[in-house]
Amino acid sequence: MKECIFCKIIQREIPSTIVFENENLVGFNDINPVAPQHVLFVPKKHLEKIHDMSKDDSLLIGELVYHAKEYARKINLTENGYRLVFNTGRDAGQDVFHIHLHLIGGRIMTWPPG
Ligand code: AMP
Ligand code: ZN
């Protein structure tokens, strides 16, 4: 996707701090962190939002969640916990239309979210 900023990060066309990569996924630090730890996990495949995923994408999205939680373990969030968030569509506040899973941790959070 030519104008997608996350595709550009995946292709190294714009800079970011990549903290995880395998053949299907990339994880990189959020440019505007809302907590001490804020990492975005994205599939390399351009999918606009979770609502567009097909059944065939289930394994890919499962892998995305798995590696986000493994990374949470790696950065010592196991004991205190963390939040995993997919904002999906306009009302949820999705700004970048390439699926991304927010891993947010390192502080106490409130519920419900804004
Ligand atoms: P959302 O509101 O769920 O679409 O979240 C988009 C996230 O992408 C926000 O938390 C932004 O701070 C983050 N973001 C936007 N541009 C970049 C970038 N170039 N590098 C890293 N994170 C970004
Ligand atoms: Zn994209």
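For the structure, check the block above.
Here the structure is a predicted model, which is why all the values come from computation and not from measurement.

K.L.:
Describe the packing of aromatic side chains, with residues and values.
P.N.:
All told, the structure shown has three aromatic pairs when counted by the stated rule. Judged by centre distance (5.2 Å) and plane angle (75°), the rings of F6 and F28 are edge-to-face. Of this pair, F6 sits in helix α1 (residues 5–10) while F28 sits in strand β2 (residues 25–29), placing them 22 residues apart in sequence. Linked through ring pairs, F20, F41 and Y71 together constitute an aromatic cluster.

K.L.:
Mind laying out the pattern of salt bridges, listing which residues take part and the relevant values?
P.N.:
Across all of its chains, the model carries eight salt bridges by this definition. In this structure, K8 and E3 form a salt bridge, with 3.6 Å as the shortest nitrogen-oxygen distance. Between E70 and R73 there is a salt bridge, with the nearest N and O atoms lying 2.5 Å from each other. Highlighted residues: E70 and R73, both in helix α2 (residues 58–74), separated by three residues, approximately one helical turn. Exposure remark for R73: the relative accessible area of 48% places this residue in the partly exposed category. A single network of salt bridges, built from pairs that share partners, joins R12, E21 and K44.

Thresholds applied
- Residues numbered from 1 in each chain as written.
- Chains lettered and ligands numbered in written order.
- Predicted model: local features only at pLDDT ≥ 70, side-chain atom pairs only at ≥ 80, totals over all residues.
- Heavy atoms only, no water.
- Phe/Tyr/Trp six-rings, centres within 6.5 Å; stacked < 30°, edge-to-face > 60°.
- Helix = DSSP H or I, 4+ residues; strand = E, 2+ residues; numbered from the N terminus.
- Salt bridge = Lys/Arg side-chain N within 4 Å of Asp/Glu carboxyl O.
- Buried < 20%, exposed > 50% of the residue type's maximum accessible area, 1.4 Å probe, protein only.

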